[in-house]
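# Understanding the architecture of this molecule
Take a look at the letters that make up each chain.
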Amino acid sequence: MNFYDYGSQEELDETSRLDVEWLTLVALRDSIGITLKDSSIPYKETLRFLETIDPVLYHKDRSLLRRKWESAEARECRAIAHASSKFFEAVVTEQINTYENLVKASKDPEARRVLSRKLEKLKQINQVNQSKAYFEGRIIQRDASLGEDLPISRRGDGYYDFTLPANRVMRIRVTHDTEVEAINGADLIYEHHLIDQQMVRISAIQYKIMKDGRYVPKSVKLKKQLDKLEGHFCDGLPCIPSSNDAQHFYRFPSCTAFLRLTNRLQSTDEKMMSIGYYAPICQVQKLWNHEDAISLKNLEGEAVTYRVFEELFNWNLLGSRWLSYDQLEKLYRDQKVLNESENVAVHLQVIQRSPHY
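Residues numbered from 1 in each chain as written. Predicted model: local features only at pLDDT ≥ 70, side-chain atom pairs only at ≥ 80, totals over all residues. Heavy atoms only, no water.

## Focus: the packing of aromatic side chains
Taken as a whole and assessed by the stated rule, the structure comprises five aromatic pairs. Between Y190 and F309, the aromatic rings sit 6.2 Å apart at their centres with planes inclined by 65°, giving edge-to-face as the arrangement. Here Y190 is found in strand β5 (residues 188-194), whereas its partner F309 is found in helix α11 (residues 306-314), with 119 residues between them in sequence. Neither residue differs from the other here; Y190 and F309 are each classed as buried. Aromatic rings pair up to connect Y190, F258, Y278, F309 and F313 into one cluster. Over the face of the ring belonging to F313 we find R201, whose NZ or CZ atom lies 4.5 Å from the ring centre. It is K218 that lies over the ring of W288; its NZ or CZ is 5.1 Å from the centre. (Phe/Tyr/Trp six-rings, centres within 6.5 Å; stacked < 30°, edge-to-face > 60°. Helix = DSSP H or I, 4+ residues; strand = E, 2+ residues; numbered from the N terminus. Buried < 20%, exposed > 50% of the residue type's maximum accessible area, 1.4 Å probe, protein only. Lys NZ or Arg CZ within 6 Å of the ring centre and 35° of its normal.)

Next comes the structure, spelled out in structure tokens:
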């Protein structure tokens, strides 16, 4: 039997990952059972606990183990979502609407019973996922306050500070629906500060809600926002640094401005970052002349998920090059990001953590 008798590489990877999830689940359940002297702990309860420990691997949208335990209706919705490049939650909502209309239109009692049972199972999927529709402004405000999943060390006028290890601070500025957004086109600005060196990297983000969970329609307003982002951040902070500026052998271009394609349906869990995809403004602008809309499909290979973006930005693999405080202050003065009495300097605050944190 050769390698290919076992299936494709993708199937092997999925099988291996499923084995890892299952073995970890069993080990944790057994450990908890020994600790609590209770061997009847449900696997699904343990799986929910695992999600709090490793929210990436065991998140309900990524865990293969969760999918194996899902209902046939949930698996069908995931298949439709994958085939149509839609979000799972959007497909569930569409299916619910379809079956509600079928139940109303059906005159045959037996047919109504069958359709009603299917509708009830679809509604149960929605209850499990606990998603609801949010407006753009609410999503932006929630994401800004979450930051690095760390306690907020300081709240200011339009920003949140999060203290990081090694004398670093992440400042997230909320510029949505302000004079600042009218000038530079950004909803949020991320700032990663090295306090000792008085250096900072930034990234400017424009949020857009996707229609039907699939695309962002082109509009005059969006074009103006993209042009502002490109003019103030891409032209002001060129993405290709000189060889003298390069601090790492391997690094993506220093793209500073991004469009964030965001789903309107989000988890009601206030501790979870909203689901979205980041695409460099330059790539979105390239699509403008020959595409009817901006979508995940025509941005394939050019966009990254929200979790990948956060990790790459934190590891200095994307975002602007390092700037001095004087350079950033000049940029911000031109864009009216700062009040007259403000400057860009950030002060480190020590967070007192509880013993259980």
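Resuming the write-up.
## Quick notes on the pattern of salt bridges
Following the criterion strictly, the structure yields ten salt bridges and no others. Residue E73 is joined to K121 by a salt bridge in which the shortest nitrogen-to-oxygen separation is 4.0 Å. One end of the pair, E73, is in helix α4 (residues 72-84); the other, K121, is in helix α6 (residues 109-129), with 48 residues separating them in the sequence. Take E73: its relative accessible area is 12%, and that puts it in the buried class. The closest approach of N and O atoms between E191 and R173, which form a salt bridge, is 2.5 Å. Note that E191 is positioned in strand β5 and R173 in strand β4 (residues 168-174), a separation of 18 residues in sequence. As far as burial versus exposure is concerned, E191 and R173 are alike and both buried. (Salt bridge = Lys/Arg side-chain N within 4 Å of Asp/Glu carboxyl O.)

## Examining the nonpolar core
L188, I202, F233 and I294 are the most contacted members of the largest nonpolar core, which totals 60 residues. The next biggest cluster of nonpolar side chains, apart from the first, holds 13 residues, and it includes A81, Y99, L122 and I125. (Core = buried A, V, L, I, M, F, W, Y, C linked by side-chain atoms within 4.5 Å.)

## Re α4
Between its first and last C-alpha atoms α4 spans 18 Å; for 13 residues at 1.5 Å apiece the expected length is 18 Å, and the two agree. E73, A74, C77, R78 and A81 are the residues of α4 that are buried. The buried residues of α4 occupy one face: seen down the axis, they fall within an arc of 140°. Pointing more than 90 degrees away from the buried face of α4 are the exposed residues H82 and A83. Just downstream of α4, S85 is the residue with a positive phi angle, here 55°. (Expected span 1.5 Å × (residues − 1). Arc of directions from axis to C-beta.)

## Side note on the pairing of strand β6 (residues 199-209)
A large share of β6 lies buried, amounting to ten of its eleven residues. Here β5 pairs with β6 via seven bridges, running antiparallel. In the sheet register, H193 faces β6, and the bridge partner there is V200. Turn length for the β5-β6 hairpin, with the two strands adjacent in sequence and antiparallel, is four residues, and the turn residue Q198 shows positive phi of about 55°. Sheet analysis places β6 next to strand β13 (residues 323-324), joined by two bridges and oriented antiparallel. Within β13, the position partnered with V200 by the bridge is L323. Looking at chain direction, β6 and strand β8 (residues 257-262) are connected through six bridges and run parallel. By the bridge assignment, K208 is partnered in β8 with L261. (Pairing = 2+ DSSP bridges.)

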